[in-house]
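One-letter residues, chain by chain:
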Amino acid sequence: MRHLDNHQLATAIAGLELEAGVEEHLTSCMSCRRQVQETRELIARRRELLADDEPDWQRQRHEILLRLPAISAPRRKRSSRWLRPMLAAAAILLVVVGLGLMRRHAPNGGQEAPEVAVEQILADVDAVLDDDTIPGFESIDPGLANLEKMYTNGAS
Amino acid sequence: MTPTRSDLPQGDEDLVARAQAGEGEAFGQLVERHQRRVWLVCRQYLGPDEAEAAAQDTLVKAFTKIRAFNQRAAFTTWLTRIAINTCLDQLRRWGREGLKAEDSEAENGAGVVEQVADDGADPEARVLQRQAVARLASCEEKLPARQREIFRLRFYAGMELEEIADALEVHVGTVKTQLHRAVHRLRGELGAYR
């Protein structure tokens, strides 16, 4: 085989895939091998030169860590602003439906006892909703008071 | 033997997950693992001092954005992208084409010549060697920006072809083509072709 052409030499220097014949020639031809080697050595020498500028890694690490903002745990997803009113509405709806069923199936026709139960349950629900110490219920949506009033009025 | 991606340090995923959960210690370990690589990448775009500042900025940015990292790419690729973008932003800020690192070296070619290590060769050979390295540095400046970037990331930052392709978001075939053209052109500029 003839000596490698410039294209093949560049391929070899770049470390790209060589055709089988080219690789074989490179193994046996000292002249072509030397050409590849010389350019690679030149590149390696320049790489060493660039590496001479390497900073002190420990100092760099220290400086980086000092620059990091305060670490905080990942924030929990904020619950929807509609969650609380919806929960309140669902609770009230549940109570109303439950009471309706109780009345329908009560042995005395559902006249006396369920009325007491309704008042009691609604009072309990109000108490829970008014309790701002329950986690997640700290901030009161201003619209909620009106909503509660509306549902309360509707149920009485 | 040529190093492959599988030779890269294992276990980044675990450290990344811990860093995402707010564990500073885990991020410290990631810095330790990758700071040299980040600096090497930055050094291909900027001068020594600027490269160090850019490397620090890169790692601080990585920390602040780590929760957005979805692990679809390797952590090192993600980090390299941040490093490259940080350097390019810096260069844009300076409002100039080319690499500041080499501007200073190109402006003062003797500086490069003098910095070449003395390896005990005879004085004449040493002078020739120094001149050759200085010429290589100067010839790199004449390469188109993309070819120069790929050539340096491959040979001076030690990145694999696939890593370069991922970091620059180009096809690996493009990297190979550009690298080949860069080498071919450099040899021409260096007078290696007779």
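Everything quoted here is computed from the prediction, not taken from an experiment.

Participant: Looking at this model, I keep getting lost on the overall build of chain B. Mind explaining?
Facilitator: A tally of regular secondary structure across chain B gives ten helices and zero strands. Shown N-terminal to C-terminal, the secondary structure of chain B runs as helices and strands in the order α-α-α-α-α-α-α-α-α-α. Within chain B, buried positions represent 49% of all 194 residues. For chain B, the share of sequence-separated contacts (at least 6 apart) that also reach a separation of at least 24 residues comes to 61%. Surface summary for chain B: the accessible area is close to 9,200 Å², and the carbon and sulfur share equals 48%.

Participant: I tried to follow the nonpolar core on my own but got confused; where do I start?
Facilitator: Across soluble globular proteins, you tend to see nonpolar side chains buried next to one another. In terms of nonpolar packing, the biggest core is built from 72 residues, with Phe-27, Tyr-45, Phe-151 and Leu-153 of chain B touching the most fellow members. Sorting elements by how many residues they give to this core places helix H2 (residues 24-43) of chain B first, with nine residues. In contact with Leu-153 of chain B, other than residues within four places in its own chain, are Val-41, Gln-44, Tyr-45, Ile-84, Gly-158, Met-159, Ile-164 and Leu-168 of chain B. Counting six residues, the second largest nonpolar core, distinct from the first, contains Ile-92, Val-95, Leu-99 and Leu-122 of chain A.

Participant: Would you mind showing me how to read the interface of chain A and chain B here?
Facilitator: In many analyses, interface size is given as the accessible surface area lost on bringing the parts together. Listed by partner, the interface residues are 36 residues for chain A and 52 residues for chain B. Together chain A and chain B conceal approximately 4,100 Å² of surface at their shared face, both sides included; 62% is due to carbon and sulfur atoms. Where chain A packs against chain B, one counts six salt bridges. Taking the shortest distance from any N to any O, the salt bridge between Glu-52 of chain B and Arg-59 of chain A comes out at 2.9 Å. Where chain A packs against chain B, one counts 17 residue pairs in polar contact (both at pLDDT 80 or more). When residues of the side of chain A that touches chain B are traced back to their parent elements, those giving at least two are helix H1 (6-14), helix H3 (30-51) and helix H4 (57-67) of chain A. It is H3 of chain A that contributes the most residues to the side of chain A that touches chain B, nine residues altogether. Of the residues assigned to the side of chain A that touches chain B, the class counts are 18 nonpolar, seven polar and eleven charged.

Participant: What am I meant to see in the side chain of Arg-148 of chain B here?
Facilitator: Residue and element names in this part refer to chain B. If you trace the backbone, Arg-148 turns up in helix H8 (residues 145-155). Look at Arg-148: it is buried, it has no salt bridge, and the nearest opposite charge is Glu-141 at 4.0 Å. Among the polar contacts made by the side chain of Arg-148, one reaches the main-chain carbonyl oxygen of Glu-141 at a distance of 3.1 Å.

Rules used in this analysis
Residues numbered from 1 in each chain as written. Chains lettered and ligands numbered in written order. Predicted model: local features only at pLDDT ≥ 70, side-chain atom pairs only at ≥ 80, totals over all residues. Heavy atoms only, no water. Helix = DSSP H or I, 4+ residues; strand = E, 2+ residues; numbered from the N terminus. Buried < 20%, exposed > 50% of the residue type's maximum accessible area, 1.4 Å probe, protein only. Contact = heavy atoms within 4.5 Å. Areas by Shrake-Rupley, 256 points an atom, 1.4 Å probe, with all protein chains shown as cover. Core = buried A, V, L, I, M, F, W, Y, C linked by side-chain atoms within 4.5 Å. Buried area = accessible area lost by both parts, 1.4 Å probe. Salt bridge = Lys/Arg side-chain N within 4 Å of Asp/Glu carboxyl O. Polar contact = N/O pair within 3.5 Å; in protein donor to acceptor, adjacent residues only side chain to side chain. Nonpolar A, V, L, I, M, F, W, Y, C, P; charged D, E, K, R; others polar. Lys, Arg positive; Asp, Glu negative; His and termini not counted.

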